[in-house]
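Given next are the chains, with one letter for each unit.
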Amino acid sequence: FFFLPFPSWMPRLSGLQCEVLQLYRGFIRTVHRKNMGAGGLALVRNSFRDKLHYPKRDTSAIENWIRTGKTKLESLQSSDTTVSFVNVRSDKTN
């Protein structure tokens, strides 16, 4: 059985599109692991929808957004991070 990730009629994704999709999936998985519920899913969806206005050709802005998103995801995935829907904070004392 051969599995295609996307239907054959869909265009291939660019490298940046794949990175954004990976970032989105990472946030969704983390929301499920942290048991954040429907509010967490809505927060992730809305934050990605807010970025839809970025022009596709503005790669530097998209790359910058991906970098900041990756650091936010890493901090959210750390075991000492608690989540409130106003902000994300770390329980570590620096």
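A quick note: this is a predicted structure, and the numbers were derived from the prediction, not measured.

Undergrad: Any chance you could break down the overall build of the protein chain for me, citing the residues and the numbers?
TA: When its secondary structure is counted, the protein chain shows three helices and two strands. When the helices and strands of the protein chain are listed from N to C terminus, the series reads α-α-α-β-β. Here the protein chain holds 94 residues, and 20% of them are scored as buried. A sequence separation of at least 24 residues applies to 51% of the contacts in the protein chain between residues at least 6 apart. Put simply, the protein chain shows about 7600 Å² of open surface, and 56% of that area lies on carbon and sulfur atoms.

Undergrad: Go over helix 3 (residues 59-77), please, and point to the residues and values.
TA: If you check helix 3, its first and last C-alpha atoms are 26 Å apart, about what 19 residues at 1.5 Å a residue would give, namely 27 Å. Regarding helix 3, the residues found buried are I62, W65, I66, G69, L73 and L76. For helix 3, the arc enclosing every buried residue in end-on projection is 105°, short of the 170-degree limit, so these residues lie on one face. Seen from the open side of helix 3, the exposed residues pointing more than 90 degrees away from its buried face are R67 and E74.

Undergrad: Would you mind going over the pattern of salt bridges in detail, with residue names and values included?
TA: This structure, assessed with the given rule, holds one salt bridge. As a salt-bridge pair, E19 and K70 come within 3.7 Å of each other at their nearest N and O atoms. Separated by 51 residues along the polypeptide, E19 in helix 1 (residues 15-33) and K70 in helix 3 bring together distant segments of the chain.

Undergrad: Which residues make up unusual backbone geometry, and what values do they have?
TA: Although it is not a glycine, N35 adopts a positive phi angle of roughly 55°. By secondary structure assignment, the location of N35 is in the loop between helix 1 and helix 2 (37-49).

Undergrad: Got a sec to walk through helix 1? Specific residues and values, please.
TA: Between its first and last C-alpha atoms helix 1 spans 27 Å; for 19 residues at 1.5 Å apiece the expected length is 27 Å, and the two agree. Of all the residues in helix 1, the buried ones are L16, L23, G26, F27, I28, T30 and V31. Residues of helix 1 that are buried sit in contact with helix 2 and helix 3. Looking at the residues trailing helix 1, positive phi occurs at N35, about 55°.

Cut-off values and rules
Residues numbered from 1 in each chain as written. Predicted model: local features only at pLDDT ≥ 70, side-chain atom pairs only at ≥ 80, totals over all residues. Heavy atoms only, no water. Helix = DSSP H or I, 4+ residues; strand = E, 2+ residues; numbered from the N terminus. Buried < 20%, exposed > 50% of the residue type's maximum accessible area, 1.4 Å probe, protein only. Contact = heavy atoms within 4.5 Å. Areas by Shrake-Rupley, 256 points an atom, 1.4 Å probe, with all protein chains shown as cover. Expected span 1.5 Å × (residues − 1). Arc of directions from axis to C-beta. Salt bridge = Lys/Arg side-chain N within 4 Å of Asp/Glu carboxyl O.

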